[in-house]
Amino acid sequence: MATTSETRRAVADCEARRRRARSRLSRGWRERGRRRHRTEATARPASLSATATPVEPSPEAAAIGSRGLRRRLIELVVAAIAIGSLLLAVPALHAAVSDIGRMRPGWIAAAVALEIGSCAGFVIIFRAFFEGLPGRLARRVAWTEVGSGALLPGGGVTSYALGGVLLHSAGLGRRRIVVLSGGLFWLTTAVNGLAVTIGALLLITGASGGPRDFLHVGLPLIAAVASTAVVLFLALWVRGARRGWQTALGEGVQQAARTARHPSWRLLGAVGYLGLDIAVLWCTFRALGAAPSVGALMLGYLLGYIATIIPIPGGIGVLEGGLAGALVLYGTPATKTIAAVLVYHAIAFWVPSMGGLFAYLQLRSPLKHPRPAREPTVRRGRRAPERITSATH
């Protein structure tokens, strides 16, 4: 009897020791997993929050296909035919058509080169915000955004929405897309406001020819300052808001401010994106033998582009009307202005559209068939930044 009791106690002690060993082993594995998670979270840069595995494209990305593209192209062809018919039907516009035929080709070639440079400027500033993306993916998404902004109605809003769909399909989180795209939008908008201020100061000081009255100079300057103040107030107001679109909007403003406070050469992309596009319009005037003042050209350009809020594919008709009306208001000759604006819009439409269409076609196949992830390479002893895994890399 005593032997049986001792045997039972020995078996119970053995089972207890085995359970304690399993428990210690389980705690050790859990602690090791927590340490690994903390290490990976520390190593991951705060600029991006993405999954490490490829993500299948969302239904929205698949919906933006060739059928919708063909429909937009047909709408653009119809609008272009309507504008051409208008130019031929209205006698007062015959002179503008004749001026287009007499344009000097050297200036037109320079305008095309400058438009390519403007698109490249957007690609550069895009990579300043989405620096953790693989370079090839970032360039293609940026070119797609530029092209969709020129091709689709809605301009910049449509382009950022399409870029967000593509970025989410590549693995970037929705909230992070909103914050970074918002920062990009606010920074480029700030450059527009700075350009309005510079143009107004050029006219006020007499450094550039053109009207100097309150209507032509004072109102645009007040509007630019007021818009900047509203954006800054909005960023401060949303700091205390709960998580939602308000905080994402405010974080976008703060992201733009952080990027501006830590300047790099990529910030020149925002200046080139706007400045080179204005230079394209100046070249079309020079092709006609005209030379508008810089201040009047800057203000006329920026005010004329407000017309693109009307959702017309490619801005056909509305951009010509807005730019021509604003530039004539600042003293440029009407006939030459119409001719210059028509050629400018043709260049500003076809160059980014063709580049964006090519980039989008390059993106479609990899997003549908993502490749397995691969480790980023480390160069010259530096730790490679965390990257979004994508088939385009």
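Counting starts from 1 at the beginning of each chain's written sequence and moves along it residue by residue. Per-residue local features of the predicted model are confined to residues with pLDDT of at least 70, and side-chain atom pairs are confined, for both listing and counting, to 80 or more; whole-chain, interface and lining totals are unaffected and use all residues. Side-chain metrics in this entry use all non-hydrogen atoms of the structure; hydrogen atoms and water are not considered.

Asker: So what's going on with the overall build of the protein? Residues and values would help.
Answerer: Numbering goes from the N terminus for both helices and strands, where a helix is a DSSP run of H or I of at least four residues and a strand is a run of E of at least two. Tallying secondary structure elements over the protein gives 14 helices and zero strands in all. Restricting to contacts in the protein with at least 6 residues of sequence separation, those with at least 24 account for 75%. Looking at the protein as shown, the accessible area adds up to about 21,500 Å², and 64% of this sits on carbon and sulfur atoms. By definition, residues are in contact when any of their heavy atoms lie within 4.5 Å. In these tables, accessible area is a Shrake-Rupley quantity obtained with a 1.4 Å probe, and a residue counts as shielded only by the protein chains included in the view.

Asker: Can you break down helix 8 (residues 174-204) residue by residue, with the values?
Answerer: Expected span, for any helix, means 1.5 Å times one less than how many residues it has. Its 31 residues place the ends of helix 8 45 Å apart at the C-alpha level, agreeing with the 45 Å of an ideal helix rising 1.5 Å per residue. Of the residues trailing helix 8, G206 is marked for its positive phi of about 80°.

Asker: With reference to specific residues and values, describe a nonpolar patch on the surface.
Answerer: In this analysis, a patch consists of residues with relative accessible area above 30% that form no salt bridge, clustered at 9 Å for like charges and at 5 Å for the nonpolar side chains Val, Leu, Ile, Met, Phe, Trp and Tyr. Salt bridge, as used here: a side-chain nitrogen of Lys or Arg that lies within 4 Å of a carboxyl oxygen of Asp or Glu. A cluster of nonpolar residues, L303, I306, I309, I310 and I312, forms a patch on the protein surface that exposes about 440 Å² of accessible area. When you line up the elements, L303 lands in helix 12 (residues 294-304). Burial status follows relative accessibility: with a 1.4 Å probe on protein chains alone, a residue under 20% of its type maximum counts as buried, one over 50% as exposed, and anything between as partly exposed. Judged by its relative accessible area of 32%, L303 falls in the partly exposed class.

Asker: Break down the packing of helix 5 (residues 105-129) against helix 6 (residues 135-151) for me, with residues and values.
Answerer: Here, axes are lines fitted to C-alpha atoms. For helices the fit covers the stretch in contact, and angles between N-to-C directions go from 0 to 180 degrees. Interaxial distance between helix 5 and helix 6 falls to 9 Å at its minimum, and their mutual angle equals 130°. When the axis of helix 5 is compared with that of helix 6, the two are oblique. As for how helix 5 packs across helix 6, the hand of that crossing is right-handed. Across from C119, F122, V123, F126 and R127 in helix 5, the residues of helix 6 making contact are G135, A138, R139, V141, A142, W143, E145 and V146. When grouped by side-chain class, the residues that make up the contact of helix 5 with helix 6 number nine nonpolar, one polar and three charged. Geometric relationships in this document are graded by angle, where less than 35 degrees denotes roughly parallel, more than 145 denotes roughly antiparallel, 65 to 115 denotes roughly perpendicular, and other angles denote oblique. It is the rotation of the near helix from the far one that decides the hand of a crossing: anticlockwise by less than a right angle makes it left-handed, clockwise makes it right-handed. Ten residues, namely Ala, Val, Leu, Ile, Met, Phe, Trp, Tyr, Cys and Pro, are considered nonpolar, four, namely Asp, Glu, Lys and Arg, are considered charged, and the remaining ones, Gly among them, are considered polar.

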